[in-house]
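Each chain, letter by letter, is given below.
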Amino acid sequence: MFDWPLDWIALLVAFAALAFARRISDRLAEVQARLAKLEATRPIAAAPVVAPPLSPLQEPAEAPPMPPPLPELTEPALQPAAMASDDAAEQPPPLASPPPVPQPAAGFEERIGTRWVVWIGGLTLALGGFFMVRYSIEAGLVGPEVRVALGALFAAALLAAGEWTRRKESISQIAALPIANIPAILTAAGTAVAFATIYAAYALYEFLPPAIAFVLLGIVALGTLAAALLHGPALAGLGLVAAFTTPVLVSTGEPNYWALYIYLAIVTAAAFALARVRLWRWLAMTTIGLSFLWTLPGLDAGVETVAPHVFHVAVGFALAALIVVCGFMFGPAAENDEVEPISSVGLAVYLLGAMLVVLASFHDGLALIGFTVLVAATLAVAWRAPSAVGAVAAAAATVFLVFAEWALRDNPDLLVLPGGALPGMGPNPLGASVTSHLVTAAIFALGFGGAGFLAQGRSHNAVVPVVWSAAGVFTPLALLVALYARIAHLDRSIPFAIVAVVLAAAFAVATEALTRREERPGLSASIALFATGTLAALALALTFALEKGWLTIALALMSLGTAWIFESRPIPFLRTLAAVFAGLVVLRIGYDPRIVGADVGTTPIVNWLLWGYGVPAASFWGASYLMRRHGDDAPLRAVEAAAILFTTLLAFLEIRHAVNDGDMLAVPSLAEVGLDVCVALALAIGLERLRERSGSIVHNISAVILTGFAGGATVLGLLLFENPMISDVAIKGGLLNILILAYAFPAVLMLLLSYAVAGRRPPAYGNTLAAGALILALSYVSLEIRRIYHGPDLTAGPTSAAEQYTYSIAWLAFGVVLLGIGIIVQSQRARLASAIVIALTILKAFLIDMSALTGVWRALSFIGLGLVLVAIGWLYQKVLFRRQQQAPPAQPAA
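Residues numbered from 1 in each chain as written. Predicted model: local features only at pLDDT ≥ 70, side-chain atom pairs only at ≥ 80, totals over all residues. Heavy atoms only, no water.

1. Points about the overall build of the chain
Alright, step 1. When helices and strands are counted, the chain shows 28 helices and zero strands.
Alright, step 2. In the chain, which comprises 894 residues, the share counted as buried stands at 45%.
Alright, step 3. Within the chain, counting contacts between residues at least 6 apart in sequence, those at least 24 apart form 73% of the total.
Alright, step 4. As displayed, the chain has an accessible area near 45,500 Å², and 70% of this comes from carbon and sulfur atoms. (Helix = DSSP H or I, 4+ residues; strand = E, 2+ residues; numbered from the N terminus. Buried < 20%, exposed > 50% of the residue type's maximum accessible area, 1.4 Å probe, protein only. Contact = heavy atoms within 4.5 Å. Areas by Shrake-Rupley, 256 points an atom, 1.4 Å probe, with all protein chains shown as cover.)

What follows is the structure in structure tokens.
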């Protein structure tokens, strides 16, 4: 039927069948060896000695006199041994079984002569018949009638030889030897040739009408079934491979798909029946796989092949449901509500084939009807037989793929344009195929949703109701999204929002009804799934009805709403769902941090950033508060992390918006970096206080991250890249200028943070923060002096002697102030900072002032420094040292 490289295919089939037959034969040989060993080791009972019967007149002879009794043993220690010996003497000795005869291992020569040669011979016979038919066709040696007759005679001869050898082997009464199953191989070859002959007479030469061909192929299939019952799995495997490869080996240039799929239907039915009778799982799965592969040829041939392809998958599905599915109709017996893999996979494979037919035919009406019927049949079979419940999940997945492909095929721009179709692009939303898909989607949604709810409580296996509920929730939501993408082009749509609200209400009613039922296996998970569907449908409704930033706000509020619902309906999965909504919002801002694109607005603070980040932050903080009352777990930590993230981003983005006049893409400036450092430090202080009460690891780690961010921004931004002494930043204004925001405020906040972590984190952590505060404070003082002498441009002009003297005086004064604070509040850290500043001043005096200053400025610098140092020494002696002295002992009275 198909002009493919027949020689290569035949060779591959031969090798595959050879390997398969060898494996089956080895297994049979192993079983035979075990049986022979058991027969050899069976004990042989000795024949009892029977006395000759007495005549009625003959009296029995007198018994011989008994020997005198042995004297009794008086030793107590020997009495048990004597008794044991008497008991042993009374029992007859056991009959020893002959040792088993060891079976010598088959050598290389024996394997070749008894197995491999027979396997290759059987395959050669089958392939020889196929290739003889092909050669006769190509060379025109004989007419079609003669070809068919010779093929039939050859098949009959092979079948007769197989049956004759089987009968001779059974009559011989010779112990089974580990040799190849010659009768099975001959019968398999004859069966394959018979299949090819009948099929060629029908499809190639049209000698047989469809009815007679159908009957003859059915007879051959039934004969194969009967023969495999006698000859074992080797015949089944070889016959199956030969049957499914026959349409390839006996081919024609004009494919007839109806003939092909009628033939395959008969083969599949015979193979399934054989697998059912002998309970050969491998045979059922192999048949399903080969049947699916025959679905692929001709999918792109056009609409004329849709009907036979639909027939093929429908018949295969029906046969699998009737014969293969455990606990349904004629299938094997099912265990207690267990999901059986072959039952589920078998139906899922044919659903996949039906889905491919729909996609390849561009959603042809007949293909869509056939697919719908198979999905409905899957639900019916799984409802009756829990062993096939796994196919319900496959049905839901294929339904989603069909509708998703339908939406994207007519809207390819959806894959590249996140905002939807451009004006003028895309098909008419009211096209001819929309109505049929709407009706089909409604049927699927009602079927999956209703079955998912009604299936609760019908099974003792928790997996079964969970699969039903998952499919009942996922399928309607997925269909709604696909229809929205296809018809509304991802734009705002109130009708779809209304449908989503109705779906949410239906899921809510189902959730409430299930919570009132008594506890059954899988009920908790199913309740969680329906509750998830409720919230997901509400989220979709908000998505359909709202635009841009409002969607972000709505999804964030869904997290708070989920946590609130958990208060009255403590379903564990709701906590996870609150975290999922938080994750969706995070992904949303990752896609567009500006929330509404370029339409953020120019008003400081009160703009879309406030709503897009502030409302989600408040929602996540509220959700975390409600969730923390019921324990600390991973969902709570995720929501807390989202709350901290949105709070931080709100502050950072509002600063960027305000500093850069609404330009969110501007280069960072000194003011922005300074304000960012202030915000990070303030948030770190708040989190340090909060973690004392909550004990949350998220608050702990977030405080460390924000502190690290502030430190990095201080070093890289304030002290290096944005430093006015290095960059061209202009410091405008008087004493109230940008230096206060960039250096003074961060210094104060860093100092406060060092006190907030004192005693709660390692000492090095707080000391590092205190050192950073000191560096920022000195930087602020120095930069302010620089601005006074040089104006807005701190890099312009040389440094004068007066400026150098001012630095020394300011540093010295700053050190004295720190010392005074340390004395007043009794802070050793402040006194240590004072010592560091004064030490820096001394170094500056000797290293810089001594060479840079001249005249009166040098003298004043050293005089002032000396006076201050003397005063500091006096202060330490009279104040600090005196406080540490003990009161002198009282003198005794004279």
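2. Side note on the packing of aromatic side chains
Alright, step 1. Counted under the stated rule, the structure contains 18 aromatic pairs.
Alright, step 2. Plain terms: the ring middles of phenylalanine 444 and phenylalanine 448 are 6.5 Å apart, the flat faces sit at 65 degrees to each other, and that makes the pair edge-to-face. You can see phenylalanine 444 and its partner phenylalanine 448 sitting in helix α14 (residues 432–454), four residues apart, about one turn around the helix. Each member of the pair, phenylalanine 444 as well as phenylalanine 448, is classed as buried.
Alright, step 3. What links up through ring pairs into an aromatic cluster is the set Phe371, Phe403, Trp406, Phe444 and Phe448.
Alright, step 4. Its guanidinium or amino end placed over the ring of tryptophan 383, arginine 458 lies 4.0 Å from that ring's centre, counting from NZ or CZ.
Alright, step 5. Across the ring face of phenylalanine 453, the terminal group of arginine 517 is positioned such that the distance to the ring centre comes to 5.1 Å. (Phe/Tyr/Trp six-rings, centres within 6.5 Å; stacked < 30°, edge-to-face > 60°. Lys NZ or Arg CZ within 6 Å of the ring centre and 35° of its normal.)

3. Some thoughts on the pattern of salt bridges
Alright, step 1. On inspection of all chains with the given rule, the structure shows 14 salt bridges.
Alright, step 2. Close ionic contact of glutamate 640 with arginine 628 constitutes a salt bridge, the shortest N to O distance being 2.6 Å. Residue glutamate 640 is located in helix α21 (residues 634–659), and its partner arginine 628 is located in helix α20 (residues 608–628); the two are separated by twelve residues in the primary sequence.
Alright, step 3. Residue glutamate 640 is classed as buried on the basis of its relative accessible area of 2%.
Alright, step 4. For arginine 628, a relative accessible area of 24% puts it in the partly exposed group.
Alright, step 5. Salt-bridge contacts for glutamate 692 lead to arginine 689; the nearest nitrogen and oxygen are separated by 3.7 Å. In this pair, glutamate 692 and arginine 689 are both assigned in helix α22 (residues 670–694), three residues apart and thus about one turn of the helix distant.
Alright, step 6. Residue arginine 689 is classed as partly exposed on the basis of its relative accessible area of 39%.
Alright, step 7. Salt bridges sharing common partners tie together Arg628, Asp632, Arg637 and Glu640. (Salt bridge = Lys/Arg side-chain N within 4 Å of Asp/Glu carboxyl O.)

4. Topic: a nonpolar patch on the surface
Alright, step 1. There is a patch of nonpolar side chains on the surface, built from Leu832, Ile836, Leu840, Leu843, Phe846, Leu847 and Ile848 and spanning about 670 Å² of accessible area.
Alright, step 2. Looking at the element boundaries, leucine 840 is found in helix α27 (residues 828–852). (Patch = residues over 30% accessible without salt bridge, like charges linked within 9 Å, V, L, I, M, F, W, Y side chains within 5 Å.)

5. Observations concerning the nonpolar core
Alright, step 1. If you look at the biggest cluster of nonpolar residues, it comprises 156 residues, and the most contacted ones within it are Leu347, Phe371, Phe403, Phe448, Trp468 and Phe620.
Alright, step 2. In this structure, Leu681, Ala710, Ala773 and Leu783 belong to the second largest nonpolar core, which totals 42 residues. (Core = buried A, V, L, I, M, F, W, Y, C linked by side-chain atoms within 4.5 Å.)

6. Let's talk about the environment of alanine 536
Alright, step 1. Among the structural elements, alanine 536 can be located in helix α17 (residues 523–545).
Alright, step 2. Along the primary structure alanine 536 and phenylalanine 507 are separated by 29 residues, whereas in three dimensions their C-alpha atoms are 9.8 Å apart.

7. Notes on the packing of helix α12 (residues 365–384) against helix α13 (residues 390–409)
Alright, step 1. At their nearest, the axes of α12 and α13 sit 9 Å apart, and the two run at 160 degrees to each other. Viewed along their axes, α12 and α13 adopt a mutual orientation that is roughly antiparallel. Crossing handedness for the pair α12 and α13: left-handed. Packed against α12, whose contacting residues are Phe371, Val375, Thr378, Leu379 and Ala382, the element α13 presents Ala391, Val392, Ala395, Thr398, Val399 and Val402 at the interface.
Alright, step 2. Split into classes, the residues belonging to the contact of α12 with α13 amount to nine nonpolar, two polar and no charged. (Axes fitted to C-alpha atoms, helices over the stretch in contact; angles between N-to-C directions. Parallel < 35°, antiparallel > 145°, perpendicular 65-115°, else oblique. Left-handed = near helix turned anticlockwise from the far one by under 90°. Nonpolar A, V, L, I, M, F, W, Y, C, P; charged D, E, K, R; others polar.)

8. Comments concerning the confidence of the model for the chain
Alright, step 1. Of the residues in the chain, 72% reach a pLDDT of 70 or more, and the chain-wide mean stands at 78.
Alright, step 2. Confidence over residues 108–114 falls short of pLDDT 50; this stretch has eight contacts with residues more than four positions distant or in other chains. (pLDDT = per-residue confidence, 0-100.)

9. With respect to helix α9 (residues 281–293)
Alright, step 1. Helix length check: α9, at 13 residues, gives a terminal C-alpha distance of 19 Å against a target of 18 Å (1.5 Å per residue), a fit within 8%.
Alright, step 2. Buried residues of α9: Leu283, Ala284, Thr287, Ile288, Ser291 and Phe292, and no others. Here the buried residues of α9 occupy an arc of 165 degrees about the axis, which is enough to place them on one side. (Expected span 1.5 Å × (residues − 1). Arc of directions from axis to C-beta.)

10. Comments concerning the packing of helix α23 (residues 697–721) against helix α25 (residues 763–790)
Alright, step 1. Here α23 crosses α25 at 30 degrees, and the two axes come no closer than 12 Å. Put simply, α23 runs roughly parallel to α25. In this structure, the crossing between α23 and α25 has a hand that is left-handed. Across the interface between the two elements, Ala703, Val704, Thr707, Thr714, Leu718 and Leu719 of α23 pack against Tyr765, Leu769, Ile775, Leu776 and Ser779 of α25.
Alright, step 2. Here the contact of α23 with α25 is built from residues that sort into eight nonpolar, three polar and no charged.

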